[in-house]
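# Structure assessment
Single-letter residue listing:
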Amino acid sequence: MSVIGLIRMGDNTLVLGQRVSEWCGHSPALEEDIALANTALDLIGQTQLWLGLAAEREGKGRTADTLAYHRDAWDFRNLLLVEQPNRDFGMTMMRQFLFDSWHLEALTALAKHDHAEISAIAQKSVKEVTYHRERSSDTVIALGDGTEESHARMQSALDRLWPYVGEMFTTDDDDLIDMAALRPAFDAYVGDVLAEATLTRPESDFAHLGGKTGARHTEHLGHMLATMQVLPRSYPDATW
Amino acid sequence: MVTTRPSVQDVWTWLAAVPDPEIPVISLIDLGIIRDVQWQGDTLEVTVTPTYSGCPATSIINIEIEAALRVNGIENLSLKRQIAPPWTTDWMSDAGKAKLESYGIAPPQPAGGPERCPHCQSTHVEKISQFGSTPCKAQWRCTNCLEPFDYFKCI
């Protein structure tokens, strides 16, 4: 069991959970605010499981909290997609939709993993992420096939985020499963939703890389971590 | 060695009196999150499964289990977290579902939405949002009496 593979799963949910929680109190409607906060909560819960297992397997006395709060950007192994800023609500929901579509395929495969602990976390997460994908798909369809303005914003979000899709399907020995094998199911699902949303999938499959290997994160991650980590780093002895 | 350990059945009865911190009308047993109670030597081991992985009530629930058992004289207690098989609303008791409805929360249905409005029993209901005030609930509305209500998500 690769510790890096576990950290990748946990960093994705941690970084996206933090990003989504930035909306708390700022969403366009109360129901959306609650939905985003609930999604963030699920993702942070999953983070505790993944990073908790990673810390235990690593055996260096670290915990999920140490991994979350006391690593710098270059030690994070999340996908570049999840660290992208929220920008507008359409961009946030498109990012969520692309991530959920990959996440659900990945967790479904991980639920059959030989390691019982990995399988258990994935089985638990599948239930929550099924819900996330349903909601983000519905929102992408409603806004894509909505007004002229909402359609234009969703197409612009798709065009801007598509170069971050390819990284989800790059794979190496540290991954817990073969991520490349998930692409056909992802393409089929995303294709159906985009068609219903009257959105056009970009032609180029050019992909920005470097998040999951840690080689090169975008500038946005460091800013996000500065906010997320300031309290435990400034007051290392602080407890709840 | 002869010890006076309470029976496992007594422990289940005590836990049935511990309310869910978010929805106090149902107990932890009604919710189906207590998966096992057994003695390991002199230590009572209680196996608890979380409803949602990030549910903040989980830590409160553990504190309340501990408090309820301490009051009943349990000294050596071990709380075990079990995440597989994952919690499902199928484990909620029928009594719990009935209590939810009379409290104003539509109980989970395999069809994926509430069967009827918990206020006026009308079957004319519509979804407002897939998410609600806690991770386990969604927001629905009755198109007859026009009241919004919580629906306990079926997972």
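The rules behind the values
- Residues numbered from 1 in each chain as written.
- Chains lettered and ligands numbered in written order.
- Predicted model: local features only at pLDDT ≥ 70, side-chain atom pairs only at ≥ 80, totals over all residues.
- Heavy atoms only, no water.
- Helix = DSSP H or I, 4+ residues; strand = E, 2+ residues; numbered from the N terminus.
- Buried < 20%, exposed > 50% of the residue type's maximum accessible area, 1.4 Å probe, protein only.
- Contact = heavy atoms within 4.5 Å.
- Lys, Arg positive; Asp, Glu negative; His and termini not counted.
- Charge placed at Lys NZ, Arg CZ, Asp CG, Glu CD.
- Pairing = 2+ DSSP bridges.
- Domains from an automatic or database assignment.
- Buried area = accessible area lost by both parts, 1.4 Å probe.
- Salt bridge = Lys/Arg side-chain N within 4 Å of Asp/Glu carboxyl O.
- Core = buried A, V, L, I, M, F, W, Y, C linked by side-chain atoms within 4.5 Å.
- Axes fitted to C-alpha atoms, helices over the stretch in contact; angles between N-to-C directions.
- Patch = residues over 30% accessible without salt bridge, like charges linked within 9 Å, V, L, I, M, F, W, Y side chains within 5 Å.
- Areas by Shrake-Rupley, 256 points an atom, 1.4 Å probe, with all protein chains shown as cover.
- Expected span 1.5 Å × (residues − 1).
- Bend = angle between axes of the 7 residues up to and from the residue.
- Polar contact = N/O pair within 3.5 Å; in protein donor to acceptor, adjacent residues only side chain to side chain.
- 1 Å grid on protein atoms, 1.4 Å probe; cavity = no way out; pocket = protein on both sides within 12 Å on 5 of 7 lines; lining within 4 Å.
- Points joined across faces, edges and corners; volume = space filled by probe spheres on them.

This part covers the overall build of chain B. A tally of regular secondary structure across chain B gives 4 helices and 7 strands. Helices and strands in chain B line up, N terminus first, as α-α-β-β-α-β-α-β-β-β-β. Out of the 155 residues belonging to chain B, those deemed buried represent 46%. Sequence-distant contacts in chain B: of pairs separated by 6 or more residues, those separated by 24 or more amount to 53%. Chain B carries 12 positive and 17 negative side-chain charges, and their two centres are separated by 5 Å.

This part covers the sheet that holds strand 5 (residues 125-129) of chain B. All names here are of chain B. If you walk across this open sheet you meet the 4 strands as 4-7-6-5, and the pairing is mixed. Either end of the sheet is taken by a strand with one partner, and the two such strands are strand 4 (105-106) and strand 5. As judged from the 5 bridges shared by strand 6 (residues 137-142) and strand 7 (residues 148-152), these two strands associate in the antiparallel manner. Directly across from Arg141, in strand 7, lies its bridge partner Pro148.

Below, the discussion takes up the domain arrangement of chain B. All names here are of chain B. Taken domain by domain, chain B consists of domain 1 (8-87) and domain 2 (90-152). The centre of domain 1, based on its C-alpha atoms, is set 25 Å off from the matching centre of domain 2. Residue-level contacts link 15 residues of domain 1 with 14 residues of domain 2. Each partner contributes to the roughly 1300 Å² buried at the junction of domain 1 and domain 2, and carbon and sulfur atoms together form 73% of this total. Per-residue buried area on domain 1 facing domain 2 is highest for Ile23, Val25 and Asp30; these three make up 41% of the total on that side. Where domain 1 meets domain 2, there are 1 salt bridge.

If you look at the biggest cluster of nonpolar residues, it comprises 70 residues, and the most contacted ones within it are Trp50, Met94, Phe97, Leu98, Trp102, Leu110 and Phe186 of chain A. Examining the composition of this core, we find that 12 residues originate from one element, helix 5 (residues 89-110) of chain A, more than from any other. Ignoring any residue separated from it by four or fewer positions in sequence, one finds Phe186 of chain A in contact with Leu98, Ser101, Trp102, Glu105, Trp162, Val165, Met168 and Phe169 of chain A. Ile23, Val46, Val48 and Tyr52 of chain B belong to the second largest nonpolar core, which has 30 residues in total.

Our focus in this paragraph is the sheet that holds strand 1 (residues 34-40) of chain B. Residue and element names in this part refer to chain B. The strand order across the open sheet formed by 3 strands is 1-2-3, and the pairing between neighbours is mixed. The open sheet has two edge strands with one neighbour each: strand 1 and strand 3 (77-81). Going across the sheet, the axis of each strand differs from the next one's by a mean of 20°, ignoring polarity. Across 6 bridges, the pairing between strand 1 and strand 2 (residues 43-48) is antiparallel. Following the sheet pairing, Trp39 is matched in strand 2 by Leu44. Packing of helix 1 (residues 8-15) onto the sheet brings it into contact with strand 1 and strand 2, and relative to strand 1 it is tilted by some 140°. Lying on the sheet, helix 3 (residues 57-71) is in contact with strand 1, strand 2 and strand 3; it crosses strand 3 at an angle near 155°.

Our focus in this paragraph is the environment of Pro28 of chain A. Residues and elements named next belong to chain A. Following the sequence through the fold, Pro28 ends up in the loop between helix 1 (3-21) and helix 2 (30-58). Each C-alpha atom of the pair Pro28 and Leu79 lies 27 Å from the other, and the pair is 51 residues apart in sequence. In contact with Pro28, other than residues within four places in its own chain, are Trp23 and Phe89.

The next subject is a nonpolar patch on the surface. All names here are of chain A. Together, Val230, Leu231 and Tyr235 line one region of the surface with nonpolar side chains, adding up to about 330 Å² of accessible area. Checked against the element boundaries, Tyr235 lands in the segment after helix 9 (219-234). Overall, Tyr235 belongs to the exposed group, its relative accessible area being 55%.

So, about helix 9 of chain A. All names here are of chain A. Over its 16 residues, helix 9 extends 22 Å from the first C-alpha to the last, a length consistent with the 22 Å expected when each residue adds 1.5 Å. The largest bend in helix 9 comes to about 45°, at Met228, with the proline Pro232 one to four residues further on. Residues of helix 9 that are buried include every one of His220, Leu221, Met224, Leu225, Met228, Gln229 and Pro232, and no others. Its buried side turned inward, helix 9 meets helix 1, helix 3 (64-69) and helix 4 (80-83).

Residues and elements named next belong to chain A. Its place among the elements puts Gln84 in the loop between helix 4 and helix 5. Side-chain polar atoms of Gln84 contact the side chain of Thr218, separated by 3.4 Å. Residues in contact with Gln84, not counting those within four places in the same chain, are Arg19, Arg95, Leu161, Tyr164, Thr218 and His220.

By the definition in use, this model includes 3 cavities of 30 Å³ or more. In terms of lining residues, the largest cavity is bounded by Asp20, Glu22, Ile23, Leu31, Thr51, Cys55, Ala57, Ile61, Thr134, Cys136 and Phe152 of chain B. In this structure, the second largest cavity spans a volume of roughly 60 Å³. Surrounding the second largest cavity, Gly5, Arg8, Met9, Asn12, Arg77, Leu79, Trp102, Met168, Asp175, Met179 and Lys212 of chain A form its lining. Broken down by element, the lining of the second largest cavity gets its largest block of residues, 4 residues, from helix 1 of chain A.

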